[in-house]
Amino acid sequence: MSNPDLSFSEKFLVKCLKQGELPDHVAFIMDGNRRYARKKRIDKLQGHDEGLQKLKQILNWCLELNISHATVFAFAIANFQRSPDEVDHLMELAKGKFASMARDKEFFQEKGVRVNLIGEFEMLREDVRESLSELKYSTRDNASIT
């Protein structure tokens, strides 16, 4: 089944990659959004927004390539030392995205995506922890990709 969210060139690359051996597990570090924003001369908060959109695109590639496990390192403890406005924006972005994902149960069930969480959750705002917990709970029975 071809993913409609992929461009023609992405579909071509997926076909090429499928010709060889692929890993079962890949990991991503969400790093460089501020550098990206500086390079593009956009606000750093918009850089974080675009980084999250890129992550969604990458996870679509993983689904298309039948990679069964993807780990995303998204927020380091050191990030709490950023400006309060930037940390607040990142927390709002996370809360909104996780809540939206939890509401999109059909997509997660159709694709078989299960979300597991690793980290120091007590450091996050309570509303962000609640969104994460809701997302984890709503995907607990899915098994295609974790």
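Structural data are supplied above this passage.
### Things to note about unusual backbone geometry
Glycine aside, negative phi is the norm for most residues, and most peptide bonds take the trans geometry. Located in the positive-phi region is Arg41, a residue other than glycine, with phi close to 60°. Structurally, the position occupied by Arg41 is in the loop between α2 (33-40) and α3 (44-64). In the Ramachandran plot, Asn66 falls in the positive-phi region, its phi being about 60° despite a non-glycine side chain. Here Asn66 is to be found in the loop between α3 and β2 (69-73). According to the relative accessible area criterion, Asn66 is exposed, its value standing at 62%.

### With respect to the nonpolar core
In this structure, Cys62 and Val113 are the most contacted members of the largest nonpolar core, which totals 14 residues. Beyond its immediate stretch of four places on either side in the chain, Val113 contacts Leu63, Phe108, Thr139, Asn142 and Ile145. Counting 6 residues, the second-largest nonpolar core is a separate cluster that includes Val87, Met91, Ala94 and Leu124.

### Considerations on the pattern of salt bridges
A side chain of one charge can pair with a side chain of the opposite charge if their charged atoms are brought near each other. Here the structure, examined in full by the defined rule, presents 9 salt bridges. A salt bridge links Glu86 to Arg82, with the shortest nitrogen-to-oxygen separation between them at 3.2 Å. Across the pair, exposure class does not vary: Glu86 and Arg82 are buried alike. Here Arg125 and Asp127 are joined by a salt bridge, their closest N and O atoms 2.9 Å apart.

### Concerning the packing of aromatic side chains
As enumerated under the stated definition, the model contains 0 aromatic pairs in all. Seen from the ring of Tyr137, Arg140 lies directly overhead, with NZ or CZ sitting 3.8 Å from the centre.

### What to know about the packing of α3 against helix α4 (residues 84-103)
It is the contact of α3 with α4, at a shortest axis distance of 10 Å, that shows an interaxial angle of 30°. With respect to their mutual orientation, α3 and α4 come out roughly parallel. Considering how the two elements wind past one another, α3 and α4 form a crossing that is right-handed. Note on element contacts: α4 touches α3 through Glu86, His89, Leu90, Leu93 and Lys97, opposite Lys44, Leu45, His48, Asp49, Leu52 and Gln53.

Procedures and definitions
Residues numbered from 1 in each chain as written. Predicted model: local features only at pLDDT ≥ 70, side-chain atom pairs only at ≥ 80, totals over all residues. Heavy atoms only, no water. Helix = DSSP H or I, 4+ residues; strand = E, 2+ residues; numbered from the N terminus. Buried < 20%, exposed > 50% of the residue type's maximum accessible area, 1.4 Å probe, protein only. Core = buried A, V, L, I, M, F, W, Y, C linked by side-chain atoms within 4.5 Å. Contact = heavy atoms within 4.5 Å. Salt bridge = Lys/Arg side-chain N within 4 Å of Asp/Glu carboxyl O. Phe/Tyr/Trp six-rings, centres within 6.5 Å; stacked < 30°, edge-to-face > 60°. Lys NZ or Arg CZ within 6 Å of the ring centre and 35° of its normal. Axes fitted to C-alpha atoms, helices over the stretch in contact; angles between N-to-C directions. Parallel < 35°, antiparallel > 145°, perpendicular 65-115°, else oblique. Left-handed = near helix turned anticlockwise from the far one by under 90°.

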